[in-house]
Amino acid sequence: MNLPALALSLPLVFMLHDFEELIGAEPWLRANRAALLQRFPRLAPRLVAQLERMAGAPFTYSVFLLFALLTLLSFYTALCGDYRLWYGVLAVFTAHLLVHLLQWALWRRYIPCIITSLLALPYGFWALAQDFPLSAAEKWHWSGVAVLSVLALLALLHLFMPRLIYDKSRRNNPNMVR
């Protein structure tokens, strides 16, 4: 496999997957809010509140930022041949798709990410199985680095993005409700 082409394909697969989430998450949450709260009374209240805070512009800007960072990393990887961090991010993305499968299995109905998760999982497994110039120890190490980096970035996005978006919107429109 042409590894630079593989590196450049990851942002495309990521965006295809996230388009399903961007398009479907808000209407799905509105339609399933009460059922989520009833079915998962301990977990759902905090989860639903956070999903509602991230709905709309905060989620869209967060996805754009992740896409931009992934694209920069992928171009760096393709141009320089340094697959360490990129491989870790690929592993995290593939694990993320597996989490969606678990969510789908628990919910037992459509969730706005499952179609593209099912389509992207073979890509993730296939890509991880390619012959990268990395030892097994390097693959595990950089996957761990990527997990920590992605979790930190997601925590920051969930913490600050709603504040940044809605504080700016309130300054421009003091009557805004959110």
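Residues numbered from 1 in each chain as written. Predicted model: local features only at pLDDT ≥ 70, side-chain atom pairs only at ≥ 80, totals over all residues. Heavy atoms only, no water.

Draft legend 1. Layout of the overall build of the protein. A tally of regular secondary structure across the protein gives six helices and zero strands. Going residue by residue from the N terminus, the α and β elements of the protein occur as α-α-α-α-α-α. Dimensions of the protein, computed from the C-alpha atoms along their principal axes, are close to 55 × 40 × 25 Å. Nonlocal contacts in the protein, meaning residues at least 24 apart in sequence, comprise 77% of its contacts between residues at least 6 apart. Within the structure as shown, the protein displays about 10700 Å² of accessible surface, and the carbon and sulfur contribution to it stands at 70%. (Helix = DSSP H or I, 4+ residues; strand = E, 2+ residues; numbered from the N terminus. Contact = heavy atoms within 4.5 Å. Areas by Shrake-Rupley, 256 points an atom, 1.4 Å probe, with all protein chains shown as cover.)

Draft legend 2. Representation of a nonpolar patch on the surface within the structure. On the surface, a cluster of nonpolar side chains totalling about 370 Å² of accessible area is made up of Leu-156, Leu-159, Phe-160 and Leu-164. On the secondary structure map, Leu-164 appears in helix 6 (residues 136–172). Judged by relative accessible area, Leu-164 falls into the exposed class, the value being 55%. (Patch = residues over 30% accessible without salt bridge, like charges linked within 9 Å, V, L, I, M, F, W, Y side chains within 5 Å. Salt bridge = Lys/Arg side-chain N within 4 Å of Asp/Glu carboxyl O. Buried < 20%, exposed > 50% of the residue type's maximum accessible area, 1.4 Å probe, protein only.)

Draft legend 3. Examining the pattern of salt bridges more closely. Evaluation of the coordinates by the stated rule reveals two salt bridges. Here Asp-82 ties to Arg-84 by a salt bridge, and the two come within 2.9 Å at their closest N and O atoms.

Draft legend 4. Examining the packing of helix 1 (residues 3–39) against helix 4 (residues 84–107) more closely. Helix 4 packs onto helix 1 with a crossing angle of 25° between their chain directions and a minimal axis gap of 12 Å. Here helix 1 is positioned roughly parallel relative to helix 4, judged by the angle of their axes. As helix 1 packs across helix 4, the resulting crossing turns out to be left-handed. Residues Leu-6, Ala-7, Leu-10, Val-13, Phe-14, His-17, Glu-21, Trp-28, Asn-32, Ala-35, Leu-36 and Arg-39 of helix 1 lie in contact with helix 4, whose contacting residues are Trp-86, Val-89, Leu-90, Phe-93, His-96, Leu-97, His-100, Leu-106 and Trp-107. Broken down by class, the residue content of the contact of helix 1 with helix 4 amounts to 15 nonpolar, four polar and two charged. (Axes fitted to C-alpha atoms, helices over the stretch in contact; angles between N-to-C directions. Parallel < 35°, antiparallel > 145°, perpendicular 65-115°, else oblique. Left-handed = near helix turned anticlockwise from the far one by under 90°. Nonpolar A, V, L, I, M, F, W, Y, C, P; charged D, E, K, R; others polar.)

Draft legend 5. Local environment of the nonpolar core. Within the largest apolar cluster, 28 residues are counted, with the highest numbers of intra-cluster contacts made by Leu-10, Trp-86 and Phe-132. For this core, the secondary-structure elements that each account for two or more residues are helix 1, helix 3 (57–80), helix 4 and helix 5 (114–128). The element that contributes the greatest number of residues to this core is helix 4, accounting for eight residues. Contacts of Phe-132, omitting those with residues within four sequence positions, involve Leu-3, Leu-6, Tyr-83, Trp-86, Tyr-87, Ala-127 and Lys-139. Ranked by size, the runner-up nonpolar core spans nine residues in total, among them Trp-28, Trp-107, Ile-111 and Cys-113. (Core = buried A, V, L, I, M, F, W, Y, C linked by side-chain atoms within 4.5 Å.)

Draft legend 6. Looking closely at unusual backbone geometry. For Arg-108, which is not a glycine, the phi torsion comes out positive at approximately 65°. With respect to the helices and strands, Arg-108 occurs in the loop between helix 4 and helix 5.

Draft legend 7. Examining the packing of aromatic side chains more closely. In this structure the tally under the stated criterion is seven aromatic pairs. A centroid spacing of 6.4 Å and a plane angle of 85° characterise the contact between Tyr-83 and Trp-86, whose relative ring orientation is edge-to-face. Taking the relative accessible area as the measure of exposure, Trp-86 reaches 0% and is therefore buried. (Phe/Tyr/Trp six-rings, centres within 6.5 Å; stacked < 30°, edge-to-face > 60°.)

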